[in-house]
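So the chains spell out like this:
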Amino acid sequence: MRVKYTQKGKFENASKWLQKARNNEIKNILKTYGEAGVTALMEATPKRSGETAYAWEYRIVENSKGIELVFVNNAHPELEVNLAMLIQLGHATGTGGYVPPVNYIRPAIFP
């Protein structure tokens, strides 16, 4: 018994569809981790007024290298520096003092 298989054309449409399905699955996974990460960051952020703690959000960014999950803190956009990073890394004050760092971002995101 002889079997013959021939194929004409290209699989571009099928390949595009499979890539899109794969990206949607990855985005759903990243969305789950993004929501969990925002919750962990909110809980871990030191709270004086709560503005920094409640300003966390995540973004799913597509670029030429793939898909990336990015956490952003938009507290106090009027400042030229990221307040969340000042808390994480410590900083000098305008009156000559120093605020020591509080390591809260890495422990919140690591798990």
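Since this is a predicted model, take the numbers as computed values, not measurements.

Colleague: What am I meant to see in the pattern of salt bridges here?
Modeller: Pairing is possible between side chains that carry opposite charge, provided their charged atoms lie close to one another. In total, this model carries 2 salt bridges according to the counting rule given. Here E62 and K27 are joined by a salt bridge, their closest N and O atoms 2.6 Å apart. Highlighted residues: E62 in strand β1 (residues 56-63) and K27 in helix α1 (residues 12-44), separated in sequence by 35 residues. Residue E62 is classed as partly exposed on the basis of its relative accessible area of 46%.

Colleague: Whenever I open this one, the nonpolar core confuses me. Can you help?
Modeller: In summary, soluble globular proteins display a tendency toward joint burial of nonpolar side chains. Membership of the largest hydrophobic core is limited to 8 residues, which are V38, L41, W56, A84, I87, Y104, I105 and A108. Ignoring any residue separated from it by four or fewer positions in sequence, one finds A84 in contact with T52, W56, N73, Y104 and I105.

Colleague: Explain the side chain of Q88 to me, please; I cannot follow it from the model alone.
Modeller: Secondary-structure assignment places Q88 in helix α2 (residues 83-89). Looking at Q88, its side chain comes within polar contact range of the side chain of N103, at 2.8 Å. Among the polar contacts listed, one links the side chain of Q88 to the backbone nitrogen of Y104, at a separation of 3.1 Å. Apart from residues lying up to four places away in sequence, Q88 is in contact with P101, V102, N103, Y104, I105 and R106.

Analysis parameters
- Residues numbered from 1 in each chain as written.
- Predicted model: local features only at pLDDT ≥ 70, side-chain atom pairs only at ≥ 80, totals over all residues.
- Heavy atoms only, no water.
- Salt bridge = Lys/Arg side-chain N within 4 Å of Asp/Glu carboxyl O.
- Helix = DSSP H or I, 4+ residues; strand = E, 2+ residues; numbered from the N terminus.
- Buried < 20%, exposed > 50% of the residue type's maximum accessible area, 1.4 Å probe, protein only.
- Core = buried A, V, L, I, M, F, W, Y, C linked by side-chain atoms within 4.5 Å.
- Contact = heavy atoms within 4.5 Å.
- Polar contact = N/O pair within 3.5 Å; in protein donor to acceptor, adjacent residues only side chain to side chain.

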